[in-house]
Every structure is written in structure tokens, then in C-alpha cells.
Amino acid sequence: MSAAARAALAAADPAMAALIERLGEIDIETRLQRRSEERPADAYGALLRAIVGQQLSTKAARTIYGRVRELFGGTTPSPEQLLEASEQDLRACGLSGRKVEYVRDLADHVLSGELELERLGDLADEEAIAEIVAVRGLGQWTAEMFLLFHLERPDVLSGGDLGIRKAIQVEYELAEMPAPQRVLEIGEPWRPHRSLASLYLWESLANVPAE
């Protein structure tokens, strides 16, 4: 699949063709598998991990998430366990008060059925994003990263991602970083392989997102 996707991207956009020639083969399946090995395999765990890691370095996020797991016997806490745990204990793991609210809202959405995790894989991209961002603390970027890396959707482009915006500025020799909407316009010819294009753009900056 990746060879055909690379060929399609190169044919669709000269700038992407130059980037692919410079960086060589990037196998999307291998990249996605490598990332998934570092993250919880289940959707709930992946979203919980995303909240914990927001606005933190990779190392700090890994440390705090490890402490949260330790609080619950070394396993990812269930929604019920998160709601039963005291705010004091959760904050002692390194979570801010706001993040405690966010992880509890995730737990509430899962338990109430408002967020049906088992259905996300069956939904169209925009529908899945809408379900995810209904949870406090889970924004558009987090939802897009979940689709790309967890659901392994092939056609995800995050217009607001700073790494992608910076890479496009460099590769397209723009005077400044493009606005999110401009990113989407530039990336329109990359359909239906925008996830692979994103990986190439991140790789050009050695900047695959941590969360």
C-alpha cells in the first residue's frame, strides 16, 4: 500500500515528490505499529493517555501516566476507578486540577454511553472526531492524532498541527507558516493519502508528534 501511496503523492504534487525523493521510503504501516507499541492498545486507554500527556514533553507524559497506572496497581484505571479515586490522589500523580476534570469527563462519557468507543472504528472521520471532541479536554488535534495513529485512518491531515505547518512553510518556501485552512487547501491534492503525507512532513523536521 505504501508504495502505491507514495507514487500517488509524488504524481499529485511536485513538492511532495521532492520530499519523498529526499527522505526515501517511509512505510506507514511500520510507523503506525511502532507508535502503537508505545501507547495503550485500546481506544479508552489511548484517549486517557492523550489527556495525561497534553502540553507535556514525551518524557514527562510517560512518567505521569506511569504514576497514574501505579496508583491503580500497574494497570490503566477503568472509568469507574477514575471516578472513585480522590482528586488528591490523582493530583499526586502529577495531574493538574484541570486534567483531573478532563479524565473524569472521559470516564463519564464512556460510562454513560455518550462516547461509544467500540463504534469509533465504524464511523466516518468527521463523525468520529465529533464524538471525541465532545469530551472536555479532547480537542480537534487530539482527535485527529487518534484517527491517524490509533484508528490508522489513511487520509488524515491536521491543519492546525504546528509541525505540519512549519514543514509546509519550508517545503513550499513560504514567507510564514500557513494558516490551518491554507494547510488543508495545499493538502487537497494529497487525498486519499494525507496520513502518509503528514508522516513525510513530520519526518522532514524529525518531528513526529509525541501525543
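Everything below is about the structure shown above.
Model, not experiment: these values are computed from the prediction.

## Some words on the overall build of the chain
Phase 1: Within the chain one finds 13 helices and zero strands.
Phase 2: In the chain, the order of α-helices and β-strands from amino to carboxyl end is α-α-α-α-α-α-α-α-α-α-α-α-α.
Phase 3: Radius of gyration (C-alpha) of the chain: 18 Å, near the 17 Å computed for a compact globule of 211 residues.
Phase 4: Along the first, second and third principal axes, the C-alpha set of the chain runs to 55 × 30 × 30 Å.
Phase 5: Taking all 211 residues of the chain together, the buried fraction comes to 45%.
Phase 6: Residue pairs at least 24 apart in sequence account for 63% of intrachain contacts in the chain once pairs closer than 6 positions are excluded.
Phase 7: Distance between charge centres in the chain, computed from 23 positive and 35 negative side chains, equals 7 Å.

## Section: the pattern of salt bridges
Phase 1: A full pass over the atoms with the stated rule returns 11 salt bridges.
Phase 2: A salt bridge links Arg-91 to Glu-87, with the shortest nitrogen-to-oxygen separation between them at 3.8 Å. Of the two residues, Arg-91 and Glu-87 are both situated in helix α7 (residues 87-92); the distance of four residues between them amounts to about one turn of the helix.
Phase 3: We classify Glu-87 as partly exposed; its relative accessible area is 37%.
Phase 4: A salt bridge links Glu-101 to Arg-136; its shortest N-O distance comes to 2.9 Å. Note that Glu-101 is positioned in helix α8 (residues 97-112) and Arg-136 in the loop between α9 (125-133) and α10 (140-150), a separation of 35 residues in sequence.
Phase 5: Under the relative-accessibility criterion, Arg-136 is labelled partly exposed at 42%.
Phase 6: Here the residues in one salt-bridge network are Asp-155, Glu-188, Arg-191 and Arg-194, joined through shared partners.

## Quick look at unusual backbone geometry
Backbone phi values are negative for most residues with the exception of glycine, while trans is the configuration of most peptide bonds.
Phase 1: Cis geometry marks the peptide bond from Arg-191 to Pro-192; its omega dihedral reads 0°.
Phase 2: Along the chain, the position of Pro-192 falls in the loop between α12 (180-187) and α13 (194-204).
Phase 3: Despite not being glycine, Gln-55 shows a phi value in the positive range, around 60°.
Phase 4: Considering the arrangement of structural elements, one finds Gln-55 in the loop between α4 (43-53) and α5 (58-71).
Phase 5: Of the residues examined, Gln-55 reaches a relative accessible area of 84% and is grouped as exposed.

## A short note on the environment of Arg-191
Phase 1: Of note, Arg-191 is situated in the loop between α12 and α13.
Phase 2: Owing to a relative accessible area of 40%, Arg-191 belongs among the partly exposed residues under this scheme.
Phase 3: At a separation of 3.3 Å, a polar atom in the side chain of Arg-191 contacts the side chain of Asp-155.
Phase 4: Engagement of the side chain of Arg-191 in a polar contact is seen with the side chain of Glu-188, the distance being 2.9 Å.

## Quick notes on α4
Phase 1: With 11 of its 11 residues buried, α4 lies for the most part within the structure.
Phase 2: Here α4 has its buried residues at Ala-43, Tyr-44, Gly-45, Ala-46, Leu-47, Leu-48, Arg-49, Ala-50, Ile-51, Val-52 and Gly-53.
Phase 3: Just past α4, the residue Gln-55 takes up positive phi, approximately 60°.

Calculation notes
- Residues numbered from 1 in each chain as written.
- Predicted model: local features only at pLDDT ≥ 70, side-chain atom pairs only at ≥ 80, totals over all residues.
- Heavy atoms only, no water.
- Helix = DSSP H or I, 4+ residues; strand = E, 2+ residues; numbered from the N terminus.
- Rg over C-alpha atoms; globule rule 2.2 N^0.38 Å.
- Buried < 20%, exposed > 50% of the residue type's maximum accessible area, 1.4 Å probe, protein only.
- Contact = heavy atoms within 4.5 Å.
- Lys, Arg positive; Asp, Glu negative; His and termini not counted.
- Charge placed at Lys NZ, Arg CZ, Asp CG, Glu CD.
- Salt bridge = Lys/Arg side-chain N within 4 Å of Asp/Glu carboxyl O.
- Polar contact = N/O pair within 3.5 Å; in protein donor to acceptor, adjacent residues only side chain to side chain.

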